[in-house]
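Each chain, written out:
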Amino acid sequence: DLAQLNEFSGLDEPGRRRHLDKILAWCRENAGKTRKQLVLQALAGSRSWGEFEAAAAEAVQSRFAEALPILVRRFDDFKPLFRDDVVERCYRLDSAEAVPHARKWLKTGDTGVRFWSALSLPCHGDRAKLEGLSEVEAILREEDGWYWYPQAIDALLATKNPEMNVDREPIRPGQARFDAP
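Rules used throughout
Residues numbered from 1 in each chain as written. Predicted model: local features only at pLDDT ≥ 70, side-chain atom pairs only at ≥ 80, totals over all residues. Heavy atoms only, no water. Helix = DSSP H or I, 4+ residues; strand = E, 2+ residues; numbered from the N terminus. Buried < 20%, exposed > 50% of the residue type's maximum accessible area, 1.4 Å probe, protein only. Lys, Arg positive; Asp, Glu negative; His and termini not counted. Salt bridge = Lys/Arg side-chain N within 4 Å of Asp/Glu carboxyl O. Contact = heavy atoms within 4.5 Å. Phe/Tyr/Trp six-rings, centres within 6.5 Å; stacked < 30°, edge-to-face > 60°. Axes fitted to C-alpha atoms, helices over the stretch in contact; angles between N-to-C directions. Parallel < 35°, antiparallel > 145°, perpendicular 65-115°, else oblique. Left-handed = near helix turned anticlockwise from the far one by under 90°. Nonpolar A, V, L, I, M, F, W, Y, C, P; charged D, E, K, R; others polar.

Student: What exactly am I supposed to notice about the side chain of arginine 114 here?
Tutor: Along the polypeptide, arginine 114 turns up in helix α8 (residues 111-124). No salt bridge forms around the buried arginine 114; measuring N to O, its nearest opposite-charge neighbour glutamate 142 is 4.0 Å away. Not counting residues within four places of it along the chain, the set of residues in contact with arginine 114 comprises Trp105, Leu106, Thr108, Gly109, Ile139 and Glu142.

Below you can see the structure in the form of structure tokens.
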């Protein structure tokens, strides 16, 4: 948040002037940059999770492929609680460049990180081996079908792999709905 209005409202008149001068200086420094450059700059330089998350969401929505290496580099920069969000953004960029990182992140103990990493692999990993599907299936078996399954279904169907019988039976707690070899 460039304006930081909460901070601004608590300042005295000289403080407000300094605050506005900082905003104007930033505008002058960045006047010639494209939206993409500004988003990538925010993604690379943000210090708060909120600023990082907003830039990451915009990078994904705009399909800025250049965001992937920045997301990967920043994986450990925030609380472990947010790592799965970083990996989800990498997944949503839908890039084969994420595969080596997804394979590495599969080895973490965090369910969310493993889930989004595994979900990256059926489309961009080793398709012949159905890479990532056994990990997705294991995570789906651990849950009741209400959280991870809705996140996975579109990606699983998009593989168009007949090995994945995702629609053959209703959701049952603790049971995944596809077969991986």
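Student: Please explain the packing of aromatic side chains as it appears in this structure.
Tutor: Here a ring pair, both rings aromatic, is described through the centre-centre distance and the interplanar angle of the planes. By the definition in use, this model includes ten aromatic pairs. Consider the rings of phenylalanine 52 and phenylalanine 78, whose centres lie 4.8 Å apart with planes at 40 degrees: the pair is tilted. You can see phenylalanine 52 sitting in helix α4 (residues 49-61) and its partner phenylalanine 78 sitting in the loop between α5 (67-73) and α6 (83-92), a full 26 residues away along the chain. Residues phenylalanine 52 and phenylalanine 78 agree in their burial class; the two are buried. Ring geometry for phenylalanine 115 against tryptophan 116: centres 4.9 Å apart, planes inclined by 80 degrees, an arrangement best described as edge-to-face. Here phenylalanine 115 and tryptophan 116 have matching classes, each one buried.

Student: So what exactly am I meant to see when it comes to the pattern of salt bridges here?
Tutor: In a structure, side chains of opposite charge can pair up when their charged atoms sit close to one another. The tally for this structure, following the rule as stated, stands at nine salt bridges. A salt bridge links aspartate 21 to arginine 17, with the shortest nitrogen-to-oxygen separation between them at 3.1 Å. Placement of both aspartate 21 and arginine 17 in helix α2 (residues 13-30) is noted, with a separation of four residues, approximately one turn of the helix. Residue classification places aspartate 21 among the partly exposed positions, given a relative accessible area of 37%. A residue is classified by how much of its surface remains accessible, and arginine 17, at 45% relative accessible area, is partly exposed. Arginine 83 is the salt-bridge partner of aspartate 76, the closest N and O atoms lying 3.1 Å from each other.

Student: Looking at this structure, how should I read the packing of helix α3 (residues 35-45) against α4?
Tutor: A pair of packed helices can be characterised by two numbers: the angle between their axes and the separation between those axes. It is the contact of α3 with α4, at a shortest axis distance of 8 Å, that shows an interaxial angle of 140 degrees. Taken together, the axes of α3 and α4 are oblique relative to one another. Read as a crossing pair, α3 and α4 show a hand that is left-handed. Together, Arg35, Val39, Ala42 and Leu43 of α3 and Glu51, Phe52, Ala55, Ala56, Glu58 and Ala59 of α4 make up the contact between the two elements. In terms of residue class, the contact of α3 with α4 is built from seven nonpolar, no polar and three charged.

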